[in-house]
Every structure is written in structure tokens, then in C-alpha cells.
Amino acid sequence: MKVSVLQENLAKGLSIVGRAVPTRPTMQVLGNVLLETEEGRLKLAATNLELGITAWIGARVEEDGAITVPARTFIDLINQLSPERVDLDLDVRNQTLKVHCGATNSNIKGIDSNEFPLIPQAGEAPGIAIPGAVLREMISQTVFAAATDDNRPILTGVYTRLTSDDIVMAAADGYRLSVRTAPLEIGTPRTTELIIPARTLAELGRIITDDDEEVLMSIPQGRNQVIFHLKNVDVASTLLDGKFPDYNAIIPRSFTTSTIAYTADLLRACKRADIFARDVNNNAKVSVIPAETPSSPGLVRLSATSTERGSADAIVDATVEGDKQEISFNVRYLIDVLNVIREEQVVLQSNGPTAPGVIKPVGRDDFIHVIMPMSIGR
């Protein structure tokens with residue numbers, strides 16, 4: 001293999017695939033990144049056997065070939081090189097990659113590419129086209145609600161349903177639920193349900209750029225895998241086995257109080273309360289107060305008290321319809337959902353201190369977030 005690439009492009013490609021390299025690889029080769037020439041480009045790939053990421057970058061290829069090299073060593077080296085041309089020359093006899101850039105010459109010992117696991121790529125199954133910006137937003141509005149521990153492995157994934165008309169993503173950790181729906185121009189002939197690891201989708205969300213006008217989502221038959229094909233990147237992942245809970249059963253259908261507030265104002269108030277709520281398991285009291293007169297605004301008051309550090313009391317003007325409410329929420333959960341709502345206003349709907357609350361953007365029905373209340377200390 002004899003290849004020349006730009007340092008900037010190589011560093012960017014490595015930053016993408018490097019996220020699939022396991023921290024503690026079970027096999028030495030899994031700690032490596034694959035470099036392989038393919039159709040006049042340089043292919044980079046890494047996998048932990050559950051998540052595999054492949055990226056292609058432009059290159060001048062003089063000789064075809066392939067090698068795997070230690071990911072951490074190679075990434076650190078490339079990041080420290082000057083922003084100019086990088087020449088990669090493989091010595092096949094001793095599996096050593098020679099790296100030349102400017103006045104820098106390095107030799108990296110590698111492992112034969114034949115020992116590297118195969119990573120499935122797009123093209124092996126028909127794909128469903130999803131606008132890149134839409135998919136990125138769907139991911140951002142759901143993955144944060146997935147569980148991060150393995151007590152209930154199925155909740156570490158994002159339930160995904162594809163139909164002939166739309167795609168639905170839902171994530172829950174037992175305390176909150178996020179559901180996002182988007183239309184599809186061409187969906188699946190029959191309803192398809194799968195559970196994608198939240199980590200896979202989080203990485204995909206980071207990779208999707210404005211240049212990715214659409215993402216092709218492929219589900220190879222009988223392989224328990226999903227593949228996402230972008231402009232220059234493929235992300236492949238195993239799926240989670242099991243049945244996702246019936247999340248529709250916990251979404252309230254009617255409310256005694258509905259409150260509309262400006263998203264930015266409510267987010268700032270939550271962040272102020274969070275400073276003191278950290279000492280009490282992130283517990284913050286949300287008081288919804290209807291307007292006293294037709295000409296005055298309703299109010300949302302967020303308060304949190306730390307016995308050691310003090311208290312905060314933040315008030316936000318709001319439009320309140322219904323009864324006065326006093327509910328305790330995990331304020332971090334409120335911050336998480338408000339951070340992913342781009343609309344100017346949000347609506348908070350509730351049925352009292354022991355019922356789940358619902359947050360969604362004003363004027364949109366394609367995103368809903370449910371938060372379970374905490375007990376109120378009196």
C-alpha cells in the first residue's frame with residue numbers, strides 16, 4: 001500500500017471511526033483501525049463487534065493494500081502532524097506502516113488486515129431514505145432519555161418503528177420518555193420494529209453533517225443488524241433483542257392544567273434551580289399559578305433548597321389554563337428536554353403532583369416528552 005492524503009482529511013476520518021474502538025478490546029486487533037485502499041480512496045474502519053464505523057476519504061493511491069494499526073497511537077500521531085500531505089507506505093514483510101509528513105517520519109507496527117472483523121456495509125440491503133437533518137433531530141430528541149445502566153438492557157436502546165408513512169423513535173429509562181415521529185416519502189411495505197442501541201444513534205447523530213442531505217437506513221434480513229449510509233460514512237450496529245415496553249400506555253391523554261412558557265426563559269430558570277437542587281437528588285419544585293386577573297400573566301415558579309448551600313427561586317411568566325399545580329420534578333430531566341426543543345415556546349401539561357407531566361413544543365405534535373414526578377418534601 002502506498003497512499004498520500006491530506007492530514008486534515010485523515011484526522012477527521014480517524015476522529016469519526018475512532019469512536020467505535022473499544023476502551024478495553026477483547027482481542028488485540030479490535031484496538032486497531034483498518035486502513036485499506038478502495039476505488040481510489042482510503043477506507044478507514046473500526047469496530048467493537050457491536051458498533052462498526054467505516055469512513056472513506058480522498059487519496060492519491062499509488063499501490064493498493066491494507067493494514068490495521070493501533071488506533072490510539074495512529075490517531076495521536078496524525079493529530080500532531082502539520083497540516084500538509086501525509087504519505088503512508090506499507091512494508092508488507094514486517095507489517096509496518098511508514099508515515100511521512102514534512103520533516104516527520106514514523107514507523108507503526110500493525111496487524112494483518114485479514115485478522116480484522118468484517119464490518120457490514122450499505123448496499124447489501126435496500127435502504128429507506130431519511131432526511132439527514134430530520135434524523136439528527138430525532139436522535140437528539142430521544143437518545144438522552146434512554147437508560148445508561150444495564151439493569152434493563154432493552155431500555156438502553158431506542159425503539160424504532162418504520163411504516164409505509166412514517167418513522168417513530170422512542171426512548172425511556174423508567175423515569176422519562178421521549179417520542180419523536182417524522183414522515184417518510186417512501187417507507188416500508190410492512191411495519192418494521194427494531195431496537196437500536198442508544199450509543200449507536202448518539203454516534204450517528206454526531207457524524208451527520210449538513211452535507212448529508214439524506215441517510216439510507218438498511219436492515220439486512222436475518223442478520224439482526226442495522227446499517228446507516230451517509231455520504232462518506234457507514235455506521236453498522238447489532239440490534240437489541242427483546243420487547244420494548246408499551247410506552248403509549250403511560251402518555252396522559254387529558255390534563256387539568258396546561259401551561260405555555262418561553263423555552264429559553266424556562267430553561268434559564270431550571271438551570272438556576274439546578275445549582276441548589278444538586279444537593280437534593282436534583283429535586284426542584286415547580287409551581288404553576290394561574291393569572292389572578294385577565295390582564296396579568298400566569299406564573300411558573302421553580303424552587304430548590306439545599307440545607308448546606310442555600311436556595312433558589314426563579315419565576316417565569318406563562319399562560320396558564322386550569323388549576324394551580326405544585327409538582328416536584330428532577331430538574332436535570334427538565335433541562336435535558338428543554339435543551340433539545342428549538343421552538344420558541346413549550347407547553348407543560350399536568351394532572352397533579354403524583355401524575356406524569358408532559359412537555360412538548362407549541363404548535364408541533366411530532367415530539368412529546370413525559371417526565372415522572374418526584375415526591376414533594378413538605
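As a starting point, this report considers the structure included with it. Remember, it's a predicted structure, so these values are computed and weren't measured experimentally.

What counts and how
- Residues numbered from 1 in each chain as written.
- Predicted model: local features only at pLDDT ≥ 70, side-chain atom pairs only at ≥ 80, totals over all residues.
- Heavy atoms only, no water.
- Buried < 20%, exposed > 50% of the residue type's maximum accessible area, 1.4 Å probe, protein only.
- Helix = DSSP H or I, 4+ residues; strand = E, 2+ residues; numbered from the N terminus.
- Polar contact = N/O pair within 3.5 Å; in protein donor to acceptor, adjacent residues only side chain to side chain.
- Salt bridge = Lys/Arg side-chain N within 4 Å of Asp/Glu carboxyl O.
- Pairing = 2+ DSSP bridges.
- Axes fitted to C-alpha atoms, helices over the stretch in contact; angles between N-to-C directions.
- Contact = heavy atoms within 4.5 Å.
- 1 Å grid on protein atoms, 1.4 Å probe; cavity = no way out; pocket = protein on both sides within 12 Å on 5 of 7 lines; lining within 4 Å.
- Points joined across faces, edges and corners; volume = space filled by probe spheres on them.
- Nonpolar A, V, L, I, M, F, W, Y, C, P; charged D, E, K, R; others polar.

1. Quick notes on helix α6 (residues 331-339)
It helps to recall that an α-helix has 3.6 residues per turn; residues three or four apart then point in one direction. Where α6 is concerned, the buried positions are Val331, Tyr333, Leu334, Ile335, Val337 and Leu338. The backbone nitrogen of arginine 332 has a side-chain oxygen 2.9 Å away, supplied by the residue at the start of α6, namely asparagine 330.

2. Some details on the pattern of salt bridges
For the structure on display, the rule yields 23 salt bridges. Close ionic contact of aspartate 336 with arginine 332 constitutes a salt bridge, the shortest N to O distance being 3.8 Å. Taken together, the residues span about one helical turn, with aspartate 336 and arginine 332 both in helix α6 at a distance of 4 residues. Judged by relative accessible area, which is 32%, arginine 332 ranks as partly exposed. Connected via shared salt-bridge partners are Asp173, Arg176, Asp274, Arg278, Arg332 and Asp336.

3. Examining the pairing of strand β4 (residues 51-58)
Within β4, 7 of the 8 residues are buried, which leaves the element mostly enclosed by the surrounding structure. Where strand β3 (residues 41-47) and β4 come together, 7 bridges link them in antiparallel fashion. For lysine 43, the partnering residue across the bridge sits in β4 and is tryptophan 56. What sits between β3 and β4 in their antiparallel hairpin is a turn of 3 residues, with leucine 49 showing a positive phi close to 80 degrees. Direction of pairing for β4 relative to strand β17 (residues 233-238): antiparallel, over a ladder of 5 bridges.

4. Focus: the sheet that holds strand β1 (residues 2-6)
Spatially, the 5 strands line up as an open sheet ordered β5-β1-β7-β8-β9, and their pairing is antiparallel. Strands with a single pairing partner mark the edges of an open sheet, and in this sheet they are β5 (60-63) and β9 (104-109). Looking at each pair of strands side by side, their axes are set apart by 20 degrees on average, direction ignored. Sheet topology places β1 next to strand β7 (residues 85-91); 5 bridges connect them, and they run antiparallel. Paired with lysine 2 across the strands is aspartate 89, a residue of β7. Of the strands in this sheet, β1 and β7 touch helix α1 (residues 7-17), which is tilted by about 90 degrees from β1. On top of the sheet, helix α2 (residues 71-80) reaches β7, β8 (96-101) and β9; it is set at about 10 degrees to β8, its chief contact.

5. With respect to the layout of surface pockets
What the largest pocket holds in volume is close to 660 Å³. Taken together, 29 residues make up the lining of the largest pocket; nearest its centre are Pro126, Ile128, Thr188, Pro189 and Ile219. The set of elements that each furnish at least two residues to the lining of the largest pocket consists of β10 (127-131), β13 (176-183) and β14 (192-197). Among the elements that take part in the lining of the largest pocket, β10 stands out by supplying 4 residues, more than any other. Grouping the amino acids of the lining of the largest pocket by side-chain chemistry returns 15 nonpolar, 8 polar and 6 charged.

Read these as layout, nothing more, since geometry by itself doesn't imply function.
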